[in-house]
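As a plain string of letters, each chain reads:
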Amino acid sequence: MTRTRTTRSFALLAAVLAAQPACVGTIGGGDDADDDPGGELVPPDCTDRGPRMLRRLTGPQYRNTLVALFGDGVPEAAVLVDPVVEGFQVDATQAVIRDLDGQLLMTYAEQVADWAVTNRLGQLTTCQTQDDACARGFVEAFGRRAYRQPVPAASIDGYVAMIAAEPSFADGARAVISTMLQSPYVLYRHELGAEGDDGLYHLTPHELASSLAYMLTDAPPDAELTAAADQGRLATREDLDREVTRLLSSTAVDAALGGFVEGWLHTGDLLARAKADPQQRLTDDVRRAMLRETQLVYLDVLRGGGTLGDLLTAPFTYVNSPLASYYGVGGGAGDQFTRVDLPAGQRAAGILGHGSVLTRHALSDTSSPVQRGKLVRERLLCETLPPPPPTVDATLPTPEGAITTRDRYEGHSASPACQSCHSLIDPVGFTFEHFDAFGRWRDQDNGAPVDATGGVPGLIGGDVALDGLDELASYLASSEQVAECYVEYASYHAFGLQGCSAEDVLAEVAASGGTLDGVVRAIVHAPHFTTRTRD
C-alpha cells in the first residue's frame, strides 16, 4: 500500500478511532500522571474484584489473532514488547503502547493489510464493489471477527466512508484492515462490562468469551465460543464450565498452558542458555524435546484430573527418540512422543526431574544447588529472597583436585555474608545433585559418590531433612504452602494482576480437591473474572 492512500484517509481514520474507547489503566503520579507517559504503572487493587480495564494483547496473542483472521503466512514482526513480571509476560498494567510502539504498529498494520488484500481478499469478502451494501457487508463481517464482537454503528459508518474515499474497493479494504488492526477493539481485551442493579459492572458475553479464549488459548474465541456469546450461553457458571471443559480437552490450549508452565518454572529461555557441551549432545532438538516433555506431562495430569502433587511426583514422562536416547531410557518413536514409566535410579519422578528444569537451572558446565534451591523457594514456596549484597563476590573458587560441586558450594557459602540466605537455599539445591548441568543422572561427581542429602530448612513447622529429589518432590507434593503458591501464579497468569479474588479462588480449589483443572475453574468462577467495579 502506498503512503499516499493512507494519508488521504487519515481524517476518516481519526473519526473512526474517535468513536472507540480510550485505553483504561492506572498510572502513578497523582492527578498529573498523564503528563508523564513514562510514569510508574500502578496495579489496581483487586482483592475482591478489580476495576474495569482494557488489557493489551501480548505479542503471541496479537499474532494468533492475525492468524485467526487471515490464516497462515501473515507477515511477522516484533511490534509489541511484553515486559517480564513475575516470570511471565502477561501483566495487565505494564503492557502498554507508547512512543515509537505506535509508529511500529502502524507500519506493521499497513504491511499486513497490503499482504491480506493481495493474498486473501477473495476469502474476506464475497463482493468487491464500492457501493454501500458491499462496503457495509465487508466492514460488518470482517470487523465482527476482528473486534470479537459486533462493530459499533458509528465505527461502521466511518469505515464505509473510508472505502468510498479510495480509488477502488481493494484500496478501501486495505485502509479498513490497516485501521482495524490498530484499533483498541483489536489490540485490547475489553473488560469493561455493563452496569447492573448491584452497582457492579458485569462483563458482556463477548467480553467473557474473549477473556476465556485468551486466558486458555492465547487466541481469539473460536466459532463455538463466539456462538455461545452470540446466543447468551455464557450467563451462568455452568455455561462457563462447559466451555472450560471443551477447551481444556482440545489441543488449542497446549501452547498457552505450556507457556504458563515455562513462565512458572523459568524454563522459557532454555534454548538460549549457554552450555559447555564438548560432546554436543545437548542439541537444540533435545532442548525443544525437554520443553515439550514438560508440557505433555503437565497436560496429562491436568486432563486426567490430577493435582499439583501428582504433577510433582508423576512416575511417568513423555519422550521422543532423541530425548529417550539422551536420558538413557527406553521409549520414543522418531519425533513422536510416547508416555513411558520412569526407571528407578535413572530419572527422578515428577516435573522437577525433567531435563528442562534441571538444565535451565544450572551453570554452563556444572550443576547449581543455588539456582535449583532458589527455584523451589521462589516458584514453589512463593518466598522472597533478597539479592546478594553488592559487596559479595558470588564467583565460585576454581576447583582444585577431586572436589565435588557440593564441596565447592559448602565452602563458598560458609562465609558469614552469604550464610543467612544460602543456609535456606543450598540444602534444597543439594537434593538435586544426582543430576548434572545437562539434566543427566549421575552417581558420581568428579570421581566421588554423589551426596544428595539436604532438605527444606526454615519452615514454620521446623526443618525438613530429605535425601534426593524424589524425597523433595514427595514433601513438596504434600505441602499446603506449595499448593497455595501454585494457585497464586496461576491466578496472576490468568488475570495479569496479583491477588485478584484470592480468597475465593483458594477456597474453591481447596474444596474441590486441588486438581489442576479445578484451579482453572476456580479462577473462572472468581468474582474478578465476571464482574468489575467502576474504579
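Parameters and conventions
- Residues numbered from 1 in each chain as written.
- Predicted model: local features only at pLDDT ≥ 70, side-chain atom pairs only at ≥ 80, totals over all residues.
- Heavy atoms only, no water.
- Helix = DSSP H or I, 4+ residues; strand = E, 2+ residues; numbered from the N terminus.
- Rg over C-alpha atoms; globule rule 2.2 N^0.38 Å.
- Buried < 20%, exposed > 50% of the residue type's maximum accessible area, 1.4 Å probe, protein only.
- Contact = heavy atoms within 4.5 Å.
- Disulfide = S-S within 2.5 Å.
- Expected span 1.5 Å × (residues − 1).
- pLDDT = per-residue confidence, 0-100.
- Axes fitted to C-alpha atoms, helices over the stretch in contact; angles between N-to-C directions.
- Parallel < 35°, antiparallel > 145°, perpendicular 65-115°, else oblique.
- Left-handed = near helix turned anticlockwise from the far one by under 90°.
- Nonpolar A, V, L, I, M, F, W, Y, C, P; charged D, E, K, R; others polar.
- Phe/Tyr/Trp six-rings, centres within 6.5 Å; stacked < 30°, edge-to-face > 60°.
- Lys NZ or Arg CZ within 6 Å of the ring centre and 35° of its normal.
- Core = buried A, V, L, I, M, F, W, Y, C linked by side-chain atoms within 4.5 Å.

## Some details on the overall build of the protein
- Within the protein, the secondary structure is distributed over 24 helices and 11 strands.
- Relative to its length of 535 residues, the protein is compact, with a C-alpha radius of gyration of 26 Å against a globular reference of 24 Å.
- Dimensions of the protein, computed from C-alpha atoms along their principal axes, come out at roughly 85 × 55 × 50 Å.
- Per-residue burial for the protein yields a buried fraction of 51% across its 535 residues.
- Here the analysis covers contacts within the protein between residues at least 6 apart in sequence; of these, 69% occur between residues at least 24 apart.

## Focus: the state of the cysteines
- As enumerated under the stated definition, the model contains three disulfides in all.
- Disulfide pairing is shown between Cys46 and Cys500; the S-S distance is 2.0 Å. Note on the Cys46 and Cys500 pair: the S-S dihedral is about -85°, so by sign convention the disulfide is left-handed. Residue Cys46 is found in the loop between α2 (10-18) and β1 (53-56), and its partner Cys500 is found in the loop between α21 (480-495) and α22 (502-511); the two are separated by 454 residues along the sequence.
- The residue that forms a disulfide with Cys127 is Cys134, at a sulfur-sulfur distance of 2.1 Å. Note on the Cys127 and Cys134 pair: the S-S dihedral is about 110°, so by sign convention the disulfide is right-handed.

## Some words on helix α7 (residues 169-180)
- Its 12 residues give α7 an end-to-end C-alpha distance of 16 Å, which sits within 8% of 16 Å, the value for a rise of 1.5 Å per residue.
- Among the 12 residues that make up α7, 11 are buried, leaving the element largely enclosed by the rest of the structure.
- Listed as buried for α7 are Phe169, Asp171, Gly172, Ala173, Arg174, Ala175, Val176, Ile177, Ser178, Thr179 and Met180.

## Considerations on the environment of Asp284
- When you line up the elements, Asp284 lands in helix α13 (residues 284-303).
- The partly exposed category is assigned to Asp284, whose relative accessible area is 40%.
- In this structure the C-alpha to C-alpha distance between Asp284 and Ala272, which are 12 residues apart in sequence, comes to 9.2 Å.

## Concerning unusual backbone geometry
- In this structure, Cys382 is a non-glycine residue whose phi angle is positive, near 55°.
- Along the chain, Cys382 turns up in the loop between α17 (369-380) and α18 (405-412).
- Here Ser501, not a glycine, exhibits a phi torsion of approximately 50°, which is positive.
- Note on placement: Ser501 falls in the loop between α21 and α22.
- Overall, Ser501 belongs to the buried group, its relative accessible area being 0%.

## Describing the confidence of the model for the protein
- Mean pLDDT for the protein: 90, with 90% of residues reaching 70 or above.
- Across residues 1-39, confidence stays below pLDDT 50; counting only partners more than four residues off in sequence or on other chains, it has 60 contacts.

## Quick look at the packing of helix α11 (residues 237-248) against helix α23 (residues 516-525)
- With their axes 10 Å apart at the nearest point, α11 and α23 run at an angle of 140° to one another. Our classification of the angle between α11 and α23 gives oblique. For the pair α11 and α23, the sense of crossing is right-handed. Here Arg237, Leu240, Asp241, Val244, Thr245 and Leu248 of α11 lie close against α23, whose contacting residues are Asp517, Val520, Arg521, Val524 and His525.
- Class assignment of the residues belonging to the contact of α11 with α23 gives a composition of five nonpolar, two polar and four charged.

## Considerations on the packing of aromatic side chains
- The tally for this structure, following the rule as stated, stands at 15 aromatic pairs.
- Pairwise contacts between aromatic rings join Phe88, Phe260, Trp264, Tyr298, Tyr486, Tyr489 and Tyr492 into one cluster.
- Geometry around Tyr327 places Arg347 over its ring, the cationic atom sitting 3.8 Å from the centre.

## Quick notes on the nonpolar core
- Counting residues in hydrophobic clusters, the biggest one holds 77 residues, and the most contacted among them are Phe260, Trp264, Tyr298, Leu311, Leu352, Leu472 and Tyr486.
- At nine residues, the largest contribution of residues to this core is made by α21.
- Counting residues in hydrophobic clusters, the runner-up holds 45 residues, among them Tyr62, Leu66, Phe70 and Val176.

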